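# Per-entry structural report
Listed below are the residues making up each chain.
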Amino acid sequence: MKPFSKITFVLLFIGLIAGQSKASDRENPSLEKQNYTEQSSLFDQSSSISQFTDVQPTDWAYSALKNLVENYGCVAGYPNGAFKGGQAIGRYEAAALLNACLDQIVVTTEQINQLIREFETELAVVRGRVDGLEARVGELEAIQFSTTTKLSGKAQFIFGATGYKGSGAKAVSSGKRNDFLPNNFGSGGFPTDAASFSYDLHLYLDTSFTGKDRLHARLEAANMRYNAFGLQSATPTSYYSWFYPISPNQSQNSLYVNRFYYRFPLSNEFTAVVGPRVRQDDLLGTWPGLYPTDFPLFGMPIYAGSVGAYSLNIGPGGSLTWNKPIGDVNFLATALYLAGNGEKSNPNEGGIATNNSGSQGSIQLALKGDLWNIAAVWTYNQPGIYMGMGTPLWNRPTTDPNNSYGLGGYYILNAHNEWLPILNAGAGFTTFADNDPYDRQQAASWYLALTWPSVFAEGQDLGMSVGQPTFITKSTNGTPDDGGFFIDAYYKIPITDRIAITPAVQWASRPYGELTNQITGKDTFSYFAGILKTSFRF
């Protein structure tokens, strides 16, 4: 508390006590002086409030009295250890108490002035720096992009290639693939053996109007449609990569709006998200994985192992999340709805809550601590919605709704030991309708991922994951041979705080699953892919 505030407090304190003096004392000054003379001889200076035998912590003025006694030494008691706080005092006694406090404050003020004189040069330097910072802030405010919006971005240069193995490798590398391949968009098969060099650009606009809300817009452009990692190439990596951001309706090298949504609190415990173009994970209360999405070579870890439940569709949608603290843990419950075709007005092609919305609804229940997270999810998928990465048999379209379930989470083990990893794990399960046109009944997926942040040096991150991409586990004809395994790994090497180089590799044992023979004309096929990605953040 500043000195003048102490004086104010002392005046108020003395005024309150003096106000309790007897009327006869106020009416007879000579008697008041006599009482002061008699009583002052009994005062004994105190240095600790514990010396007062009649003052208790429960007394209403205990804190104020303790401050005056122990910090300023300007309150005295009686030799017998009593303070007699309820006893009235005269004006002379009040004046003596005030004078003792003022003496202490004068000493304190002189000490402060001495320090100011001693550090006068340093204080002048600090004042100059503050003036300079104020001037720079003024310049930045004059030229800033917006008073409420922050612009940031990320650009990635991607150099990569694929290699094929097995008896079916020749058919794939030559581009001779038949109509069983999805993601082809009528372009036909073509060879994809050559190395490629492409880019992916993101621009982020984040706006806050209250400090607690967020209006998010993400603009994106790329030129990866026709290389081995592109969605339209129909290569095996197109089932498991996470590169190509442009939908079939978007042209290459065109900047378009990939996300646009608004997140805002309804109360201390409830948060809402709504937007005309929002992805499923943007609507959730938490994400059950810390495997970095900044390394978008391969997609299985990005889906937290539960591809059907976390299909990451984009479209108009909204959600409501309840976040309830329970001790050191937070319980989160989210309900969401997303319509992949919700921007259309023709009910035969889309719309909100129509038979052709291409919609999904999810319920997620999660527990989240400081170092861990676990979440369970159920998703109802309408026909026509993208179901996420997996084998060609899994990717075939559905004619009836299906239900997907997922369980996943993480634990930050390296919080206890830097050589231990962050553990990520997840699994998913999907059931199909009895009249599925491709006789599918059940599907599954899982992954296990480990990451070591700053493992050898600051900013150098190592990660690897293993699992099974989504595959059909049961059909009306028995158990199809649709399963396969994947392994991927990356190592991030920072060049500066905003530039990093990341080599990454992946191997998939049977990317075409049950349809391997129909697609390649042979029984065995696997692939290996590698990239060198340079990332720029701004």
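Placed above this text is the structure.
Quick caveat, the model's predicted, so the values are computed rather than measured. (Residues numbered from 1 in each chain as written. Predicted model: local features only at pLDDT ≥ 70, side-chain atom pairs only at ≥ 80, totals over all residues. Heavy atoms only, no water.)

Bringing unusual backbone geometry into the picture now. Despite not being glycine, Ala304 shows a phi value in the positive range, around 55°. With respect to the helices and strands, Ala304 occurs in the loop between helix H8 (280-283) and strand S8 (314-326). On the basis of relative accessible area, Ala304 is assigned to the buried category, the value being 1%. One non-glycine residue, Leu312, lies in the positive phi region at around 55°. In this fold, Leu312 is placed in the loop between H8 and S8. (Helix = DSSP H or I, 4+ residues; strand = E, 2+ residues; numbered from the N terminus. Buried < 20%, exposed > 50% of the residue type's maximum accessible area, 1.4 Å probe, protein only.)

In this structure, Tyr164, Val172, Phe229, Tyr512, Phe525, Tyr527 and Ile531 are the most contacted members of the largest nonpolar core, which totals 20 residues. Where this core is concerned, the elements lending two or more residues are strand S3 (149-165), helix H7 (169-174), strand S14 (440-452), strand S16 (486-494), strand S17 (499-508) and strand S18 (526-537). Counting residues per element, this core draws most heavily on S18, at three residues. One finds Leu283, Ala304, Tyr310 and Val377 within the second-largest nonpolar core, a separate group that totals 14 residues. (Core = buried A, V, L, I, M, F, W, Y, C linked by side-chain atoms within 4.5 Å.)

Below, the discussion takes up the packing of aromatic side chains. Evaluated as defined, the whole model comprises 14 aromatic pairs. Judged by centre distance (6.0 Å) and plane angle (75°), the rings of Trp394 and Phe432 are edge-to-face. Of this pair, Trp394 sits in helix H9 (residues 392-395) while Phe432 sits in the loop between strand S13 (422-431) and S14, and the two are 38 residues apart along the sequence. Take Trp394 and Phe432: they sit in the same class, and that class is buried. Three or more aromatic residues link up through ring pairs in this structure, and these residues are Phe157, Phe159, Phe197 and Phe536. (Phe/Tyr/Trp six-rings, centres within 6.5 Å; stacked < 30°, edge-to-face > 60°.)

Our focus in this paragraph is a nonpolar patch on the surface. There is a patch of nonpolar side chains on the surface, built from Tyr411, Leu423, Trp446, Leu448, Met464, Phe485, Ile487, Val505, Trp507 and Phe528 and spanning about 830 Å² of accessible area. Sorting the residues of the nonpolar patch by element identifies S14 and S17 as the ones contributing at least two each. Counting through the fold element by element, Tyr411 comes out in strand S12 (residues 402-412). Here Tyr411 falls in the partly exposed class, since its relative accessible area comes to 32%. (Patch = residues over 30% accessible without salt bridge, like charges linked within 9 Å, V, L, I, M, F, W, Y side chains within 5 Å. Areas by Shrake-Rupley, 256 points an atom, 1.4 Å probe, with all protein chains shown as cover. Salt bridge = Lys/Arg side-chain N within 4 Å of Asp/Glu carboxyl O.)

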